[in-house]
Amino acid sequence: MFNIFSKLLDINQREVDRLSKIVDKINSFDPKAKKLKDSDFAKKTQEFKERLGKGETLEELLPEAYSLVREASWRAIGLRHFDVQLMAGVALFEGTVIEQKTGEGKTLSAIPALYLRALSQKGVHLVTVNDYLARRDAGWNGPTFALMGLSVGSIIQEGKSFVYDPEFSDSSHGDERLAHLKGAERKIAYQSDVLYGTNNEFGFDYLRDNMVSRLDEMVQRGHYFAIVDEVDSILIDEARTPLIISAPDTEPTDKYYKFAQMVDKLNPDTDYKVDEKAKSATLTEHGISKVEKILGVDNLYEKDFESIHHIENALRARTLYLEDKDYVVKDNQIIIVDEFTGRLMMGRRWSDGLHQAVEAKEQVPIQQESKTLATISFQNYFRMYEHLSGMTGTAATEAEEFKKIYKLEVVVVPTHKPMIRKDNSDQIYKTLRGKYGAVVGEIEEKYKKGQPVLVGTTSIEKNEIISEYLKRRKVPHNILNAKNHEKEATIIAQAGKPQGVTVATNMAGRGVDIVLGGAMPDRSADIVQEKYEQSAEYKKWLEAHEKVVKAGGLHVIGTERHESRRI
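Residues numbered from 1 in each chain as written. Predicted model: local features only at pLDDT ≥ 70, side-chain atom pairs only at ≥ 80, totals over all residues. Heavy atoms only, no water.

K.L.:
Even after reading the chapter, I still don't get the overall build of the chain, so can you show me in this structure?
P.N.:
Within the chain one finds 22 helices and 19 strands. Computed over its C-alpha atoms, the radius of gyration of the chain comes to 26 Å, within 12% of the 24 Å expected for a compact globule of 567 residues. Projected onto its principal axes, the C-alpha coordinates of the chain cover approximately 85 × 65 × 55 Å. Put simply, the chain has 567 residues, and 49% of those count as buried. Excluding contacts between residues fewer than 6 apart, the proportion of contacts in the chain whose partners are at least 24 apart in sequence is 72%. (Helix = DSSP H or I, 4+ residues; strand = E, 2+ residues; numbered from the N terminus. Rg over C-alpha atoms; globule rule 2.2 N^0.38 Å. Buried < 20%, exposed > 50% of the residue type's maximum accessible area, 1.4 Å probe, protein only. Contact = heavy atoms within 4.5 Å.)

K.L.:
Help me out: how do you make sense of the sheet that holds strand 5 (residues 178-181) in this one?
P.N.:
Strand pairing in a sheet relies on backbone hydrogen bonds, with the paired strands running either antiparallel or parallel. The mixed open sheet is built from nine strands, whose spatial order is 5-4-3-6-2-7-14-1-15. Both outer strands of the open sheet, strand 5 and strand 15 (409-412), are each paired with one neighbouring strand and no more. Taking the axes of each pair of neighbouring strands and ignoring which way they run, one obtains an average angle of 20 degrees across the sheet. Contacts from helix 6 (residues 106-118) reach strand 2 (124-128), strand 6 (194-198), strand 7 (225-229) and strand 14 (387-392), with the element oriented near 175 degrees to strand 7. Its contacts with the sheet place helix 7 (residues 131-147) against strand 2, strand 3 (152-155), strand 4 (161-164), strand 5 and strand 6, and it is angled at close to 170 degrees to strand 6. (Pairing = 2+ DSSP bridges. Axes fitted to C-alpha atoms, helices over the stretch in contact; angles between N-to-C directions.)

K.L.:
Got a minute to help me understand the pattern of salt bridges in this structure?
P.N.:
Between side chains of opposite charge, a pair can form as their charged atoms come close. Using the criterion set out here, one finds 32 salt bridges in the structure. A salt bridge links aspartate 30 to arginine 80, with the shortest nitrogen-to-oxygen separation between them at 2.9 Å. Highlighted residues: aspartate 30 in helix 2 (residues 30-35) and arginine 80 in the loop between helix 4 (58-77) and helix 5 (83-93), separated in sequence by 50 residues. Given the relative accessible area of 10%, aspartate 30 is considered buried. For the salt bridge of aspartate 205 with arginine 186, the shortest nitrogen-to-oxygen distance reads 2.8 Å. Highlighted residues: aspartate 205 in helix 9 (residues 199-209) and arginine 186 in helix 8 (residues 186-190), separated in sequence by 19 residues. (Salt bridge = Lys/Arg side-chain N within 4 Å of Asp/Glu carboxyl O.)

K.L.:
Would you take a moment to explain the packing of helix 6 against helix 7 for this structure?
P.N.:
Helix-helix packing is characterised by the crossing angle of the two axes and by the distance between the axes. Viewed as axis vectors pointing N to C, helix 6 and helix 7 meet at an angle of 55 degrees, and their least axial separation amounts to 11 Å. Overall, the two elements helix 6 and helix 7 adopt an arrangement that is oblique. For the crossing formed where helix 6 meets helix 7, the hand is right-handed. For the pair helix 6 and helix 7, contact is made by Thr107, Ile111, Leu114 and Tyr115 and by Arg136, Asp137, Trp140, Asn141, Thr144 and Phe145, respectively. When grouped by side-chain class, the residues that make up the contact of helix 6 with helix 7 number five nonpolar, three polar and two charged. (Parallel < 35°, antiparallel > 145°, perpendicular 65-115°, else oblique. Left-handed = near helix turned anticlockwise from the far one by under 90°. Nonpolar A, V, L, I, M, F, W, Y, C, P; charged D, E, K, R; others polar.)

K.L.:
Help me out: how do you make sense of the packing of aromatic side chains in this one?
P.N.:
The geometry of an aromatic ring pair is captured by two quantities: the separation of the ring centres and the angle between the planes. Taken as a whole, this structure holds ten aromatic pairs when the rule is applied. Relative to tyrosine 469, the ring of tyrosine 436 lies with its centre 5.7 Å away and its plane at 40 degrees, an arrangement referred to as tilted. Of this pair, tyrosine 436 sits in helix 18 (residues 432-449) while tyrosine 469 is found in helix 19 (residues 460-472), placing the two residues 33 residues apart along the sequence. Under the relative-accessibility criterion, tyrosine 469 is labelled partly exposed at 21%. Each residue in the set Tyr206, Phe378, Tyr381, Phe382 and Tyr385 is aromatic and connected to the rest through ring pairs, giving one cluster. One cation-aromatic arrangement involves lysine 258 over phenylalanine 259; the distance from NZ or CZ to the ring centre is 5.1 Å. One residue, lysine 279, lies across the ring of tyrosine 321, its end atom 4.2 Å from the ring centre. (Phe/Tyr/Trp six-rings, centres within 6.5 Å; stacked < 30°, edge-to-face > 60°. Lys NZ or Arg CZ within 6 Å of the ring centre and 35° of its normal.)

K.L.:
Can you help me understand unusual backbone geometry in this one?
P.N.:
Negative phi characterises most residues that are not glycine, and trans characterises most peptide bonds. Notably, lysine 279 is not glycine yet its phi reads approximately 50 degrees, a positive angle. Of note, lysine 279 is situated in the loop between strand 9 (272-275) and strand 10 (280-283).

K.L.:
Got a minute to help me understand helix 9 in this structure?
P.N.:
Since there are 3.6 residues in each turn of an α-helix, residues three or four apart along the chain are aligned in direction. Counting buried positions along helix 9 yields nine of eleven residues, so the element is predominantly enclosed. All buried positions along helix 9 are accounted for by Asn199, Glu201, Phe202, Gly203, Phe204, Asp205, Tyr206, Leu207 and Asp209.

K.L.:
In this structure, what is going on with the sheet that holds strand 19 (residues 555-558)? I would like to understand it.
P.N.:
With respect to topology, four strands assemble into an open sheet ordered 17-18-16-19, the strand pairing being parallel. This sheet does not close on itself; its edge strands, each paired only once, are strand 17 (478-480) and strand 19. Averaged over all pairs of adjacent strands, the angle between their axes in this sheet comes to 15 degrees, without regard to strand direction. Its contacts with the sheet put helix 18 on strand 16 (453-456), strand 18 (501-504) and strand 19, and the angle it makes with strand 19 is roughly 170 degrees. Together, strand 16, strand 17 and strand 18 form the strand contacts of helix 19, whose direction differs from that of strand 18 by roughly 150 degrees.

K.L.:
Sorry if this is basic, but what is going on with the packing of helix 11 (residues 254-264) against helix 14 (residues 305-319) here?
P.N.:
Two numbers describe how helix 11 lies on helix 14: the axes approach to 9 Å, and their chain directions differ by 65 degrees. Read as a crossing pair, helix 11 and helix 14 show a hand that is right-handed. Contact residues: Lys255, Tyr256, Phe259, Ala260, Met262, Val263 and Asp264 in helix 11; Glu306, Ser307, His310, Ile311, Ala314, Leu315 and Arg318 in helix 14.

K.L.:
Is there a simple way to explain the confidence of the model for the chain in this structure?
P.N.:
Should the pLDDT be low somewhere, the predicted coordinates at that spot are not to be read in detail. Chain-level statistics for the chain give a pLDDT mean of 87 and a share of 90% at 70 or above. When the criterion is pLDDT under 50, residues 168-174 qualifies, and its contacts beyond four places in sequence or with other chains add up to 19 contacts. (pLDDT = per-residue confidence, 0-100.)

K.L.:
Where do I start with the pairing of strand 11 (residues 327-330) in this structure?
P.N.:
The two faces of a sheet get side chains in turn, since along a regular strand they alternate between them. Strand direction decides the pairing type here: strand 11 and strand 12 (residues 333-336), joined by four bridges, are antiparallel. If you follow tyrosine 327 over to strand 12, its bridge partner there is isoleucine 336.

K.L.:
Just to check I follow, could you spell out the side chain of lysine 435 for this structure?
P.N.:
Within the element layout of this structure, lysine 435 appears in helix 18. As a buried residue without a salt bridge, lysine 435 has its nearest oppositely charged side chain in glutamate 560, at a separation of 4.7 Å. Not counting residues within four places of it along the chain, the set of residues in contact with lysine 435 comprises Tyr429, Thr559 and Glu560. (Lys, Arg positive; Asp, Glu negative; His and termini not counted.)

So, in structure tokens, the structure goes:
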């Protein structure tokens with residue numbers, strides 16, 4: 001095992017060394033890039049397109065183009081790529097999955113690869129896991145692409161589309177920089193050189209395009225190049241998740257309530273067996289006899305096969321699908337909780353009558369089952385792209401799957417500075433009460449010391465138990481789970497402030513940095529760094545930052561192991 005691990009490290013180091021040499025070439029163009037006027041950047045982009053037309057390759061343009069991107073980013077948004085971020089950008093251009101540690105700046109690393117591929121004028125896509133990130137990143141990176149003469153768009157849920165509007169470039173935070181497109185103008189967003197959007201929206205737009213009656217009603221313009229953010233979540237965890245466009249069926253819904261009441265009469269010891277791993281529940285011989293008596297049939301498996309399907313769904317809903325873990329009841333509806341991100345999956349429903357079985361169990365209005373009109377899995381959708389790459393904080397553990405399924409290699413990119421985080425060993429407790437007591441005691445100790453604490457749980461229920469313990473100890477805290485995920489960015493942004501205590505499900509930290517001292521004050525693009533650092537808001541933040549560093553930085557407590565070692 002050790003030999004295999006050493007071999008993988010050697011292969012990765014060789015790749016890192018190769019990428020470092022390319023970065024050296026990029027750096028050699030920096031003096032030229034620094035001499036350019038702002039108006040020259042768009043001209044350089046046009047020059048690159050002309051050189052491509054004359055036979056040069058993207059690979060030949062890469063060093064100069066990446067140097068241009070780095071300088072444009074510094075001038076437009078005040079962020080200059082580190083060498084390791086350029087290294088990641090080269091790997092992304094080449095069609096590789098990159099692993100960068102949390103906080104190493106994946107969002108910035110993607111810009112050079114998106115820019116270079118966009119020179120082909122076929123449209124490039126950055127795929128994110130949620131609407132917030134799709135809008136934020138498009139708005140945040142918009143000024144950089146605009147300076148280089150490229151257009152940027154964003155597509156999110158409910159058919160909304162946005163394009164970058166330079167009129168709002170005085171704002172340093174994404175959303176305000178985007179102008180909303182009206183109605184059928186989603187097609188315009190797809191004409192952008194660079195388009196940010198969620199995996200769901202790209203997939204559903206593809207399905208809708210396959211259902212139109214006229215070609216001019218299609219919104220997508222092909223599948224040339226995509227960078228998938230949180231690539232392990234989308235291409236591995238959710239790979240087989242089907243995207244479905246459906247129409248309502250006309251079957252009556254009262255039968256679901258009848259079967260929900262029926263399984264309540266069954267004995268878990270004698271009437272059915274539950275397989276938690278396979279998420280299935282089946283009737284025993286004894287259970288079959290009892291159900292046959294209730295339904296008044298003499299052979300259930302010969303005469304009433306449809307009832308068996310409904311009974312097993314009702315059993316699964318009763319025993320395997322739990323409120324505040326697998327779903328929440330909100331506005332009299334059952335809303336699925338994503339097991340990997342902890343977020344609410346608005347509009348998503350379990351298929352084959354399972355969702356209706358859960359609705360019957362919770363006594364909420366039952367929505368009709370649906371007939372499938374069009375469907376595709378994420379795996380099949382993303383394999384259509386001519387060039388595909390991805391980025392995440394955790395890819396090495398899934399390297400074999402990426403290679404086998406998508407023919408994608410994995411590169412672990414080194415951190416900009418040496419890793420100083422301390423990873424402590426697990427502590428095991430005999431009882432839950434003992435564990436919660438120890439967790440809350442540790443939180444209280446760090447809180448009194450002024451050190452911020454981030455506490456991770458696997459479910460909303462456990463989240464709320466710890467919150468209750470903290471209330472009893474009078475420790476102020478924020479709670480973050482699928483019930484209040486709308487406030488996710490705000491809560492996580494403040495998780496690093498002195499004495500900040502945040503209790504979160506595994507959704508925590510997705511795409512929002514936890515800055516020691518709390519969220520940094522906004523800096524408008526037209527304010528120079530020196531003036532910004534003299535402001536009262538910045539000085540106040542710096543004081544909080546230093547206080548947290550002195551207290552020991554962010555203290556992270558994982559209260560239990562997740563099903564996925566990566567999470």
